[in-house]
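In case you want the letters, here they are:
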Amino acid sequence: MSQTEQWAARAQRALTPNYRQQPVALVRGEGVRVWDADGKSYLEFLGGVAVNVLGHCHPAAVAALTEQGRTLWHVSNHYFVPRQIELAEALLAVTPFARRAFFCNSGAEANEVMLKLARKYHADQGHAERNEILSTVNSFHGRSLFTVTAGGQEKYQHGFEPLVPGVRHVPYGDVAALERALDRKTAAFIVEPIQGEAGVVVAPPGYLTAARELTRRAGALLCLDEVQTGVGRTGKMWAHEWEGVAPDLMSSAKALGAGFPIGALLASEEVGLHLSAGSHGSTYGGNALACAVGLAVLRELTQGGLLERSRLVGAHLRARLEALTAGGRVASVRGQGLLLGVVLKGVRAGAVMQEARQRGLLVNAIGDDVLRLAPPLTLTTAEAAEAADLLDAALAAAPAA
Ligand SMILES: *Cc1c(COP(=O)(O)O)cnc(C)c1O
């Protein structure tokens, strides 16, 4: 029995069976590469689900973590945490907001507080009846009960009912449907600039701009879920910058910690103030270790020039993937920056994922016909080309659907 098979057997006994895991046990990583327990190496193009913007064990992240690890880990928010204040300032400096950041530990938690605050903002002004959350069909906002309700995907809700009341859904990208749905009871509209988990579904141009205008007119808040799209993933710090739209509230997580758990809510001054003393909190939120890493990530993206470089390599990877359409099994490539969906035809995504894995390339199948790629922003053009070649071979080897 290989090491990997042994780990698989132990996982099946010890863990809850909620993940459909690939038969790969990963023990080491460097840059875009990871190694399994049997010594086989892979190009890791899922990026830990759009998390590892710096790749694995980036020297700047390792230095920040080890230095902070020797100094102070955790004291709770009963006290000021200088690293947390520094990260808040650094984050706000690259957002449309001058003030108000709140830290937690994951994307779900960031969206949970975003939705809670949207309700409280209106309730504090005597409009408790304005409590409805509008969300989009097939969105993904996390697995807490409120966020799984907002996501509106039956497969993630089944058996967990009753769900949170006061959540409605409109089709993604449909301006007219959004306009019809907004009314005097709408507290907020929560939306992803690109629907990542749905298969890298990009909103039509002008959608966020229209959402901004319509929510403003209706007196509702615009809440952007930038958990997957933010912190450089699409080639800008935030995906909403592509449309020049400023939300009222915004969530971040995933890439913000580059693999160390952290989440953040960014708010306008007007709304952020309503997260008043005692109204919300998190024991670990914004602890010194997480914030030290977050600071290193932001430094690499801005001062380190990683953001610009990622746009070039993203364009290169996309061109290589688009060239694969000539093989007849790639219908199109969608997404932005280094968040890409390869839409397949005549072949199952799961089969291609398996062939790719055997050849040393890890990608993520979404549904039957999309492969999601979210490699580190540190990717080189040579690595992008290597991955495209492996994918080409995997596409050719996979059986017809
Ligand atoms: C991953 C994701 C979340 C949930 O983040 P967790 O850290 O898994 O809780 C929420 N929204 C979007 C858009 C995501 O991609």
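Structural data are supplied above this passage.
My aim in this report is to walk through the structure given alongside it, one point at a time. (Residues numbered from 1 in each chain as written. Predicted model: local features only at pLDDT ≥ 70, side-chain atom pairs only at ≥ 80, totals over all residues. Heavy atoms only, no water.)

Considerations on empty space enclosed by the protein
The line we're drawing: Buriedness for pockets is judged along seven lines, at least five of which must meet protein on both sides within 12 Å for an open set on the 1 Å grid over protein atoms alone, while cavities are sets there where a 1.4 Å probe fits but cannot get out, and lining residues have an atom within 4 Å of a point. Grid points are joined across faces, edges and corners, and a volume is the space filled by probe spheres set on the points. Three classes are used: nonpolar for Ala, Val, Leu, Ile, Met, Phe, Trp, Tyr, Cys and Pro, charged for Asp, Glu, Lys and Arg, and polar for all others, with Gly counted as polar.
In total, this model carries one cavity of 30 Å³ or more according to the counting rule given. Estimated volume of the largest cavity: approximately 50 Å³. Around the largest cavity, the lining comprises 14 residues; the ones closest to its centre are Val75, Ser76, Val81, Asn287 and Ala288. Its residues assigned to classes, the lining of the largest cavity comprises six nonpolar, eight polar and no charged.

Overview of the side chain of Glu226
Quick note on the threshold: Labels follow the DSSP assignment, with helices taken as runs of H or I lasting at least four residues and strands as runs of E lasting at least two, numbered in each case from the N terminus. Residue burial is assigned from relative accessible area. The probe radius is 1.4 Å, only protein chains are included, and a residue is buried under 20% of its type maximum, exposed over 50%, and partly exposed in between. Under the counting rule used here, the positive set is Lys and Arg, the negative set is Asp and Glu, and His together with the chain ends is not counted. Counted as salt bridges are all cases of a side-chain nitrogen of Lys or Arg within 4 Å of a carboxyl oxygen of Asp or Glu. N or O atoms within 3.5 Å of each other form a polar contact, as long as, within protein, one can give a hydrogen and the other can take it, and as long as residues adjacent in sequence are counted only when both atoms are side-chain atoms. Contacts are assigned to residue pairs that have any heavy atoms within 4.5 Å of one another.
Looking at where Glu226 falls in the secondary structure, it is placed in the loop between β10 (221-225) and β11 (249-252). Within the buried core, Glu226 has no salt-bridge partner, and the shortest N-O distance to an opposite charge, that of Arg233, equals 10 Å. Within the structure, Glu226 has its side chain in polar contact with the side chain of Thr229 (distance 2.7 Å). In contact with Glu226, other than residues within four places in its own chain, are Pro193, Trp238, Ala239, His240, Met250, Ser251 and Ser252.

What to know about the packing of helix α3 (residues 59-69) against helix α11 (residues 288-302)
For clarity, the threshold we go by: Note on method: axes are straight lines fitted to C-alpha atoms, helices fitted across the in-contact stretch only, with angles between N-to-C directions ranging 0 to 180 degrees. An angle below 35 degrees is read as roughly parallel, one above 145 as roughly antiparallel, one from 65 to 115 as roughly perpendicular, and any other as oblique. Two helices that cross are described as forming a left-handed crossing if the nearer one is turned anticlockwise from the farther one by less than a right angle, and a right-handed crossing if clockwise.
It is at 9 Å that the axes of α3 and α11 come closest, and there the two elements cross at 150 degrees. It follows that α3 is roughly antiparallel to α11 by the angle criterion. Considering the relative orientation of α3 and α11, their crossing is right-handed. The residues of α11 that touch α3, namely those facing Ala60, Ala61, Ala64, Leu65, Gln68 and Gly69, are Ala288, Leu289, Ala292, Val293, Ala296 and Glu300. For the contact of α3 with α11, the residue count by class is nine nonpolar, two polar and one charged.

Here we look at the sheet that holds strand β6 (residues 167-170)
To keep it simple, the criterion reads: Strand pairing follows a simple DSSP-based rule, namely that at least 2 bridges must link the two strands.
A sheet is described by the order of its strands in space; here seven strands give the open sequence β4-β12-β11-β10-β7-β5-β6, paired in mixed fashion. The sheet terminates laterally at β4 (101-104) and β6, the two strands that pair on one side only. Recorded for the sheet is a direction-independent mean angle of 20 degrees between the axes of neighbouring strands. Direction of pairing for β11 relative to strand β12 (residues 263-267): antiparallel, over a ladder of four bridges. Bridge pairing links Ser251 to Leu265 in β12.

Brief notes about the layout of surface pockets
Considering only enclosed or pocket space, the second largest pocket measures out at about 790 Å³ in volume. Forming the walls of the second largest pocket are 29 residues, and the residues nearest its centre are Asn77, Gln84, Ala101, Phe102 and Phe103. For the lining of the second largest pocket, the elements supplying multiple residues, two or more each, are α4 (82-93), β4 and β12. For the lining of the second largest pocket, the element with the highest residue contribution is α4, accounting for five residues.

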